[in-house]
Amino acid sequence: MTILIAQTAAPAAPAAGGGFSLQMVMLFLMMGGMYFLLIAPQRKKQKEQEAMIAALKTGDEVVTTGGIFGVITNVKDDRFVVRVAENAKIEVGKAFIQAVTKKPATEEKKSS
C-alpha cells in the first residue's frame, strides 16, 4: 500500500524546452572567455619573446631562464655563446634567454 501512495504522490516534472541550445551557447561563451583570458595574452608574450631573441647580438647582456647573467660573445644558428666570467663561456640555447639586461653602450648613444 505504501508503494502505491508514493507512486501517486510524486508529480511528473515538466519537460525543459531549449536546454540543449542554452548549454551550447554557454559552452561557446566559456570557450571564448578562456581564449581571451589565457591563450591570446600567452601568444602575445611569445611573439614578444621571439622578437627579443631575434634582435640579440654580440655584446648584449642577458639573463637565462636559469638565472645566469652574462654577455653574448657569439651568435650561432640555434644558440648563443655567453661569457659568464673572465675566462668562462657557456653555450645557451636561444629559447633559454629570458631577458636583456643591458644593450651595448654604442647602441645607447645612437638612440639618445
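The notes below deal with the structure included here. (Residues numbered from 1 in each chain as written. Predicted model: local features only at pLDDT ≥ 70, side-chain atom pairs only at ≥ 80, totals over all residues. Heavy atoms only, no water.)

Moving on to the overall build of the protein chain. Looking only at helices and strands, the protein chain has 3 helices and 5 strands in total. Ordered by position from the N terminus, the helices and strands of the protein chain form the series α-α-β-β-β-β-β-α. A burial count over the protein chain gives 14% of its 112 residues as buried. Sequence separation of 24 or more characterises 38% of the internal contacts of the protein chain that already satisfy a separation of 6 or more. Looking at the protein chain as shown, the accessible area adds up to about 8900 Å², and 63% of this sits on carbon and sulfur atoms. (Helix = DSSP H or I, 4+ residues; strand = E, 2+ residues; numbered from the N terminus. Buried < 20%, exposed > 50% of the residue type's maximum accessible area, 1.4 Å probe, protein only. Contact = heavy atoms within 4.5 Å. Areas by Shrake-Rupley, 256 points an atom, 1.4 Å probe, with all protein chains shown as cover.)

This brings us to the environment of Glu50. Position of Glu50 relative to the elements: it lies in helix H2 (residues 19-55). Overall, Glu50 belongs to the partly exposed group, its relative accessible area being 47%. Considering only alpha carbons, one finds Glu50 and Lys94, 44 residues apart in sequence, at a separation of 9.4 Å.

For sheets, the rule is that strands pair by backbone hydrogen bonds, running either parallel or antiparallel. Spatial strand order, S4-S3-S2-S1-S5: 5 strands in an open sheet with antiparallel pairing. Each edge of the open sheet carries a strand with a single partner, namely strand S4 (88-93) and strand S5 (97-102). Ignoring strand direction, the axes of neighbouring strands in this sheet form an average angle of 45°. In terms of strand pairing, strand S2 (residues 69-75) meets strand S3 (residues 79-85) through 4 bridges, oriented antiparallel. (Pairing = 2+ DSSP bridges. Axes fitted to C-alpha atoms, helices over the stretch in contact; angles between N-to-C directions.)

Next up on the list: the pattern of salt bridges. Taken as a whole, this structure holds 3 salt bridges when the rule is applied. For Glu91, the salt bridge goes to Lys76, with nearest N and O atoms at 3.0 Å. One end of the pair, Glu91, is in strand S4; the other, Lys76, is in the loop between S2 and S3, and 15 residues separate them in sequence. Classification of Lys76 as partly exposed rests on a relative accessible area of 30%. Arg79 is the partner of Asp78 in a salt bridge, and the nearest nitrogen-oxygen pair spans 3.4 Å. Connected via shared salt-bridge partners are Lys76, Asp78, Arg79 and Glu91. (Salt bridge = Lys/Arg side-chain N within 4 Å of Asp/Glu carboxyl O.)

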